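Given next are the chains, with one letter for each unit.
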Amino acid sequence: MEFNNLKIDFTEEQSMVNASAKEFCADNSDTKRARELIDSELGFDTDTWDEITQLGWTGINIDDQYGGMSFGISAAIPIVEHMGNTMMSIPYPSHLLASELIGRLGDQSQKSQWLPPLCDGKRGTVAFLDNEDWGSEPQLKLIKKNDHYLMTGEKLLVSDALSADIIIVLATIDTHPVFVIVESHMLKPQDLHPRTLIDETKRAADISLQNIIIEETQIMHASHEIVRDIKLLGSLLMAAESVGVISITLKTIVDYLTTRKQFGKLIGSYQSLKHPTVEILLEMDSAKSLVYHAASIIESGTLSIDSQIACHMSKAKASDALSFAGDRAVQFHGGMGFTYDCDAMLFIRRAQWANQQFGDPQYHRNQLAKLIFD
Amino acid sequence: MHNNKHSKTELSLFRKKVSEWLRINKPKDPGFLLPQTFMEIGSEQVLNFLREWQFKLWSSGFLGMSWPSEFGGQGLPPIFQKIADEEMKKQKVPICFNVIGLGWAGPLIIDIGTEEEKRKYLKGILSGDDIWCQGFSEPNHGSDLGSIQTKAERSQDSYIVNGSKIWTTMGNFAKYMILLARTNNDSDRRYDGLSFFLAPMKIPGVSTSPIRKITGDYGFTETFFTDAKIPASTLMGEEGHGWSLAMKLLQYERGAEAGAAGGISIIPTTVEDVVEVAKTTKKDGISSLKDPITRDELIKLLIDQKAIYLGERRATFNELCMDFPNSLPLSSKLRMTEFSRRLRQYALTVQGAAAAVYVGDKKAIQSGFWQRAYLNNFSTTIGGGTSQIQANIVGEHVLGLPKD
């Protein structure tokens, strides 16, 4: 057992990005704004997206030869954390993952074709699921027909599918995994079936694919490793966002505990509420340390064992911590906590959504056990 | 700045030398369970073994390396001792038992002591000839030092001490005590009337009574002072300044200020150690390490252990701690001691039926090390402010929650 990598770095790029992300997210989002956006179709504000594009964040991880900032995906970790911390509704993590995937796996012409528009504000997402099991092997098949392929089947719960310009679909050719770059105009509107989510600030849809013609140029031939890695990077982004959400959840709890009185005392003075609140802080601190460790070591090529361990640990810890925080946020607000008007509603629903995304904590611990014990 | 004089080559040569020396001189298994901390020394047999080991380390030049050379040290930059300590930890050698002297009294004497005090005390601390203990806590006051009742009344060139102290580690063996006593009852603030002494223990009027711990072992005493007459010269600093000196000691202890003589004072337990136990046991007919529930529990512990290590690193980046400043350092004790309690308990769970046996049973796994380690761990979740008090501190000082 050798997994003593304890590196944490905070680069100048991350530091710079961290400062502007903090300010930008605070200026553009809070729980009130998140509630307003619940009723919108796409679930986010396209003006905010345009500003993110202006800031260069849509291409922060992409090489400058394709119009990006060449900072690597690690530099996006503080951005995603601050988005969580302000409950910003935005399809940014989905987009990062899509562009990262093309950056890692695409050939020269695929990168030249799709990365510049993604940096310029076109939105991307990745369609992973064939069923409800995040751990299952890809099923969707591409069938060879003359000089092209036909893709027929279904992908489930594709994040931000409705607002994406480019959807990268995980599929197989003769059991070999491939990622297929599909532009949204290749799909008919009736092929997208929006799902009703427990987290109303998020958006996802099922996609029905009926004999979609796929050219060789749209196909990125993948390996087991790259499928694993891109899911792990998704887990890490999810963990970073969760750390931000735990932070705002904790602040909301503390606000209530320091203003609400019962039996003549501020309820925060009761240890039955104080101590679990401290527990939330400790768990958040653990998750944050793991996330920034992972961000410090993830490679631009195939992820090392250390990086895989760090991503799994980040997601396992952050999801458990957020579940606990959201749960206690509702309980500690008492009767108020049971109402739709209380922000604890947003947090507990986010927690349930985030928990399953890219695999729940038990799934990640099981992967860790395989990596470490077998 | 000191360190620049010593090249990397010199330091790595030194590391090699220590490592080699430890490999050859590391004591053989004595046939009884060695303590993990200095709070577990319950018999003369254990004491003598550790005393011999500390003497060997010091006389071979691997202890007190940064202390002044005229008083038993070598006057070297602290980096040398740090390297020696790292190697000791790596090779899991026994602890240096004279912890209060090496880590608390010694550094204070070097810092503010007179030449005479340095000559009198320092060498004996390093050699292990003079055992030191600490007299802060008192019965019924737990860790609230402001409530100290033990009195020291000035009488010509002496102080007359009356009162009692509790949780005195090695009180029955110690030659000296760092004693916090009340010299003035009239102070407005309760910390102001305290004074700090280097008190002799082997004098009339001082007696100790051993405390038997949950492990069944000894290691602590209650210490009674009945008109014990100690020389006025044993007062450190000025009368009434005891509190600030006690706080200074805590700085040495936490390593915030250099000065500790070195040597390892605690043998930590890690998840990796528990995994080794799990490799040798079975659950439901298969190796524990193949059992899904055991694996899940061990991985949870590994995640928390890694987060503890990483937290120390993250705390050095201000920008990564801006949401809740001071959260990491203030919660460190709570986090580590509670983690260790969980870990050590789980080391019993993985043993199956063998968890039921204790030190003294011939077939106990690792001679009952984990059973004893789990019970002893409560000294850390209770001593130095209980976990519940720690949680109050974090809640109030980091989160701004109201006091009870």
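Everything numeric here is computed off the predicted structure, so don't read it as measured data.

### Details of the overall build of chain B
- If you tally the helices and strands in chain B, you get eleven helices and ten strands.
- The globule rule puts the C-alpha radius of gyration for 404 residues at 22 Å, and the 23 Å found for chain B is close to it.
- The C-alpha extent of chain B, read off along each of the three principal axes, is 75 × 55 × 50 Å.
- Counting only residues that meet the buried cut, chain B has 42% of its 404 residues in that class.
- Within chain B, contacts between residues at least 6 apart in sequence are counted, and of these 71% link residues at least 24 apart.

### Regarding the interface of chain A and chain B
- Contacts between chain A and chain B engage 33 residues on the former and 36 residues on the latter.
- If you tally residues by element for the side of chain A that touches chain B, the top one is helix 8 (residues 271–297) of chain A, at twelve residues.
- Within the side of chain A that touches chain B, the residues separate by chemical class into 17 nonpolar, twelve polar and four charged.

### Focus: the pairing of strand 3 (residues 158–169) of chain B
All names here are of chain B.
- Two strands pair when backbone bridges link them, and strand 2 (residues 151–155) and strand 3 are joined in this way by five bridges, in the antiparallel orientation. Residue pairing across strands places Ala152 opposite Val161, the latter belonging to strand 3.
- In this antiparallel pair of consecutive strands, strand 2 and strand 3, the connection spans two residues, and Gln156 shows a positive phi of 50°.
- Bridging between strand 3 and strand 7 (residues 220–231) involves nine bridges; their strand directions are antiparallel. Note that in strand 7 the partner of Val161 across the bridge is Ala228.

### Focus: the packing of helix 5 (residues 92–105) of chain A against helix 7 (residues 224–257) of chain A
Residue and element names in this part refer to chain A.
- Packing of helix 5 against helix 7 leaves a shortest axis separation of 10 Å and a crossing angle of 150°. In terms of orientation, helix 5 lies roughly antiparallel with respect to helix 7. Here helix 5 runs over helix 7; the crossing is right-handed. Taking contact as the criterion, the partners of Pro93, Leu96, Leu97, Glu100, Leu101, Arg104 and Leu105 in helix 5 are, on helix 7, Ile226, Ile230, Leu233, Gly234, Leu237, Met238 and Glu241.
- Classifying every residue of the contact of helix 5 with helix 7 gives ten nonpolar, one polar and three charged.

### What to know about the sheet that holds strand 6 (residues 192–194) of chain A
All names here are of chain A.
- Within the open sheet, the four strands sit side by side as 2-3-7-6. Their pairing is antiparallel. Taken across any chain shown, the strands that pair with only one partner, and hence form the sheet edges, are strand 2 (142–145) and strand 6. Within this sheet the neighbouring strands show an average axis-to-axis angle of 10°, counted without direction.
- Two strands pair when backbone bridges link them, and strand 3 (residues 148–159) and strand 7 (residues 204–214) are joined in this way by eight bridges, in the antiparallel orientation. Residue pairing in the sheet places Glu154 in a bridge with Ser208 of strand 7.

### Observations concerning the environment of Leu375(B)
All names here are of chain B.
- Among the structural elements, Leu375 can be located in helix 10 (residues 369–382).
- Using a count of 18 C-beta atoms within 10 Å as the deciding quantity, one classes Leu375 as partly exposed.
- Residues Leu375 and Lys92, spaced 283 residues apart in sequence, show a C-alpha to C-alpha distance of 21 Å.
- Residues within four places of Leu375 in sequence aside, it is in contact with Ile214 and Thr215.

### Some words on the domain arrangement of chain A
Residues and elements named next belong to chain A.
- Once the domains are mapped, chain A shows domain 1 (12–123), domain 2 (126–221) and domain 3 (224–373).
- Computed from C-alpha atoms alone, the centre-to-centre distance between domain 2 and domain 3 is 29 Å.
- Contacts between domain 2 and domain 3 engage twelve residues on the former and twelve residues on the latter.
- Class assignment of the residues belonging to the side of domain 2 that touches domain 3 gives a composition of seven nonpolar, two polar and three charged.

### Some points on the domain arrangement of chain B
Residue and element names in this part refer to chain B.
- Under the domain assignment used here, chain B contains domain 1 (2–100 + 107–129), domain 2 (133–253) and domain 3 (271–397).
- Just the C-alpha atoms count here: the centres of domain 1 and domain 3 sit 28 Å apart.
- In this assembly, four residues from domain 1 lie in contact with eight residues from domain 3.
- Split into classes, the residues belonging to the side of domain 1 that touches domain 3 amount to two nonpolar, one polar and one charged.

### A short note on the packing of helix 9 (residues 305–332) of chain A against helix 11 (residues 344–356) of chain A
Residues and elements named next belong to chain A.
- Running from amino to carboxyl end, helix 9 crosses helix 11 at an angle of 155°, the nearest separation of the two axes being 8 Å. Here helix 11 runs roughly antiparallel to helix 9, going by the angle between their axes. Like other packed secondary-structure pairs, helix 9 and helix 11 cross with a definite hand, here left-handed. The residues of helix 11 that touch helix 9, namely those facing Ser319, Leu322, Ser323, Ala325, Gly326, Asp327, Ala329 and Val330, are Ala344, Phe347, Ile348, Arg350, Ala351, Ala354 and Asn355.

### Topic: the environment of Phe38(B)
Residues and elements named next belong to chain B.
- Secondary-structure assignment places Phe38 in the loop between helix 1 (8–25) and helix 2 (44–59).
- Sequence spacing of Phe38 and Ala174 is 136 residues, and the spatial spacing of their C-alpha atoms is 12 Å.
- Residues contacting Phe38, with those up to four places away along its chain left out, are Ile95, Phe97, Val99, Thr169 and Ser265.

### A look at unusual backbone geometry
Residues and elements named next belong to chain A.
- Here the phi dihedral of Asp174 falls at roughly 50°; this positive angle occurs in a residue that is not glycine.
- In this fold, Asp174 is placed in the loop between strand 4 (166–173) and strand 5 (176–183).
- On the basis of neighbour counts, which here come to 9 C-beta atoms within 10 Å, the residue Asp174 falls in the exposed class.
- In this model, Phe358 sits at a positive phi of 60°, which is unusual for a non-glycine residue.
- Summarising the element assignment, Phe358 is placed in the loop between helix 11 and helix 12 (361–373).
- Phe358 sits in the buried class, given 23 other C-beta atoms within 10 Å.

### Re helix 9 of chain A
Residue and element names in this part refer to chain A.
- In a regular helix each residue adds 1.5 Å, so 28 residues correspond to 40 Å; helix 9 covers 40 Å between its end C-alpha atoms and thus fits that length.
- With 23 of 28 residues buried, helix 9 is to be regarded as a mostly interior element.
- Looking one or two residues past helix 9, Gly334 carries a phi angle of roughly 55°, positive in sign.

### So, the sheet that holds strand 1 (residues 124–127) of chain A
All names here are of chain A.
- Spatially, four strands are ordered 1-4-5-8 in an open sheet, and the strand pairing comes out mixed. Two strands bound the open sheet, and with one partner strand each, they are strand 1 and strand 8 (219–221). The mean inter-strand angle of the sheet, taken between neighbouring strand axes irrespective of direction, is 25°.
- Here strand 4 runs beside strand 5; their pairing, made up of eight bridges, is antiparallel. When the sheet's bridge partners are listed, Leu170 is paired in strand 5 with Phe179.

### Some words on the nonpolar core
- Ranked by internal contacts, the top residues of the largest apolar core, which has 149 residues, are Ile168(A), Val180(A), Ile246(A), Leu281(A), Val291(A) and Val274(B).
- Looking at this core element by element, the count peaks at 17 residues for helix 7 of chain A.
- For Val180(A), the contacting residues outside a window of four places in its chain are Leu142(A), Met151(A), Ile168(A), Val169(A), Ala171(A), Ile214(A), Gln218(A) and Ile219(A).
- Among the nonpolar cores identified, the runner-up in size contains 70 residues, and Leu57(B), Ile100(B), Trp104(B) and Met236(B) belong to it.

### Here's the deal with the pairing of strand 5 of chain A
All names here are of chain A.
- Where strand 4 folds back onto strand 5 in an antiparallel hairpin, the turn is made up of two residues, including Asp174, whose phi is positive at roughly 50°.
- Alignment of strand 5 against strand 8, held across three bridges, turns out to be antiparallel. Bridged to Val180 within strand 8 is Ile219.

Rules and cut-offs
- Residues numbered from 1 in each chain as written.
- Chains lettered and ligands numbered in written order.
- Predicted model: local features only at pLDDT ≥ 70, side-chain atom pairs only at ≥ 80, totals over all residues.
- Helix = DSSP H or I, 4+ residues; strand = E, 2+ residues; numbered from the N terminus.
- Rg over C-alpha atoms; globule rule 2.2 N^0.38 Å.
- Buried ≥ 20, exposed ≤ 12 C-beta atoms within 10 Å, placed from the backbone.
- Contact = placed C-beta atoms within 7 Å.
- Nonpolar A, V, L, I, M, F, W, Y, C, P; charged D, E, K, R; others polar.
- Pairing = 2+ DSSP bridges.
- Axes fitted to C-alpha atoms, helices over the stretch in contact; angles between N-to-C directions.
- Parallel < 35°, antiparallel > 145°, perpendicular 65-115°, else oblique.
- Left-handed = near helix turned anticlockwise from the far one by under 90°.
- Domains from an automatic or database assignment.
- Expected span 1.5 Å × (residues − 1).
- Core = buried A, V, L, I, M, F, W, Y, C linked by C-beta atoms within 7 Å.

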